[in-house]
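Below are the chains, spelled out letter by letter.
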Amino acid sequence: MILELEETKEWLRVDGNEEDSTIELLIKAAEEYLKNATGRKFDNTNNQARLFCLVLVTDWFENRDLIGAKVSEKVRFIVQSMLLQLQYSEGVEQSG
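My aim in this report is to walk through the structure given alongside it, one point at a time. Nothing here was measured: the structure is a model prediction, and the numbers come from that model. (Residues numbered from 1 in each chain as written. Predicted model: local features only at pLDDT ≥ 70, side-chain atom pairs only at ≥ 80, totals over all residues. Heavy atoms only, no water.)

### Remarks on the side chain of Thr38
Cut-off, in case you're wondering: Runs of E in the DSSP output that reach at least two residues are strands. Runs of H or I that reach at least four are helices, and both are numbered from the N terminus. Note on exposure labels: buried denotes an accessible area under 20% of the residue type's maximum, exposed denotes more than 50%, and partly exposed covers the range between, all computed with a 1.4 Å probe on protein chains only. Whenever two N or O atoms come within 3.5 Å, that pair is a polar contact, provided that in protein one can donate a hydrogen and the other can accept it, and provided that, for residues adjacent in sequence, both atoms are side-chain atoms. Any two residues having at least one pair of non-hydrogen atoms within 4.5 Å are treated as being in contact.
Here Thr38 lies in helix H2 (residues 20–38). According to the relative accessible area criterion, Thr38 is buried, its value standing at 14%. Here Leu34 takes part through its backbone oxygen, which lies 2.8 Å from a polar atom of the side chain of Thr38. Excluding residues within four positions of it along the chain, Thr38 makes contact with Leu83, Leu86 and Gln87.

Spelled out as structure tokens, the structure:
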């Protein structure tokens, strides 16, 4: 797991638990997006992977009415740049 619920809520500045299930879903989707886009698995020790997931979760959370498989135009460049760097960074060793 790359992100924890509480740190993500703090990043989003969300109080209370009404949005927990939505945020947890977005965290899982962002982590899957990263894995599918890079072919690598990351954990919470990679700060770029953590920031990447936080950027995606924030974008999707703030644009929930437009959610789909796309990243919004405002973060597209950032996401593409970060993905390029993460493709060549060291992921978590995958066993068996």
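### What about the packing of H2 against helix H3 (residues 47–62)?
Helices that pack against each other are described as a pair by the angle of their axes relative to one another and the distance between those axes. Going by this rule: Every axis corresponds to a line fitted to the C-alpha atoms, with the helix fit spanning only the stretch in contact, and the corresponding angles, defined between N-to-C directions, vary from 0 to 180 degrees. Angular relationships are summarised with four words: roughly parallel below 35 degrees, roughly antiparallel beyond 145, roughly perpendicular across 65 to 115, and oblique for the angles in between. By convention, the crossing between two helices is left-handed when the near helix turns anticlockwise from the far helix through less than a right angle, and right-handed when the turn is clockwise. We call Asp, Glu, Lys and Arg charged. Ala, Val, Leu, Ile, Met, Phe, Trp, Tyr, Cys and Pro are nonpolar, and the rest, Gly among them, are polar.
Running from N to C, H2 and H3 cross one another at 130 degrees; their axes reach a closest spacing of 9 Å. With respect to H3, the element H2 is oriented oblique. Here H2 and H3 pass one another in a crossing that is right-handed. For the pair H2 and H3, the contacting residues are Ile23, Leu26, Ile27, Ala29, Ala30, Glu31, Tyr33 and Leu34 in the first and Ala49, Phe52, Cys53, Leu56, Val57, Trp60 and Phe61 in the second. Residues that form the contact of H2 with H3 fall into these classes: 14 nonpolar, no polar and 1 charged.

### Considering the nonpolar core
The cut-off we apply is this: We define the nonpolar core as a collection of buried residues of types Ala, Val, Leu, Ile, Met, Phe, Trp, Tyr and Cys that are connected through side-chain atoms lying within 4.5 Å of one another.
Ranked by size, the top nonpolar core spans 25 residues in total, and within it Leu34 and Phe52 carry the most contacts. For this core, the elements supplying multiple residues, two or more each, are helix H1 (5–12), H2, H3 and helix H4 (73–87).

### What about the pattern of salt bridges?
In plain terms, the rule: Salt bridges are identified by distance alone: a Lys or Arg side-chain nitrogen within 4 Å of an Asp or Glu carboxyl oxygen.
This model, assessed by the stated rule, comprises 3 salt bridges. Put simply, Glu6 and Lys9 hold a salt bridge, and the shortest N to O gap is 4.0 Å. With Glu6 and Lys9 both in helix H1 and 3 residues apart, this pair spans about one turn of that helix. The exposed category is assigned to Glu6, whose relative accessible area is 54%. Given a relative accessible area of 6%, Lys9 falls into the buried group. Between Lys9 and Asp20 there is a salt bridge, with its nearest N and O atoms 2.9 Å apart. In this pair, Lys9 is assigned in helix H1 and Asp20 in helix H2, connecting sequence segments 11 residues apart. Salt bridges linked by common partners bring Glu6, Lys9 and Asp20 together as one network.

### Focus: the packing of aromatic side chains
Selection rule: Here a pair means two rings of Phe, Tyr or Trp (six-membered ring of Trp) with centres within 6.5 Å. Their orientation is stacked below 30 degrees between planes, edge-to-face above 60, and tilted elsewhere.
Scanning the model with the defined rule gives 2 aromatic pairs in all. On the basis of an interplanar angle of 35 degrees and a centroid distance of 6.2 Å, the ring pair of Tyr33 and Phe52 is categorised as tilted. Linking Tyr33 in helix H2 with Phe52 in helix H3, this pair joins segments that are 19 residues apart in sequence. Plain terms: the ring middles of Tyr33 and Trp60 are 6.0 Å apart, the flat faces sit at 70 degrees to each other, and that makes the pair edge-to-face. Of this pair, Tyr33 sits in helix H2 while Trp60 is found in helix H3, placing the two residues 27 residues apart along the sequence. What makes Tyr33 partly exposed here is its relative accessible area of 25%. Judged by its relative accessible area of 7%, Trp60 falls in the buried class. Every member of this aromatic cluster is reached through a ring pair, and the members are Tyr33, Phe52 and Trp60.

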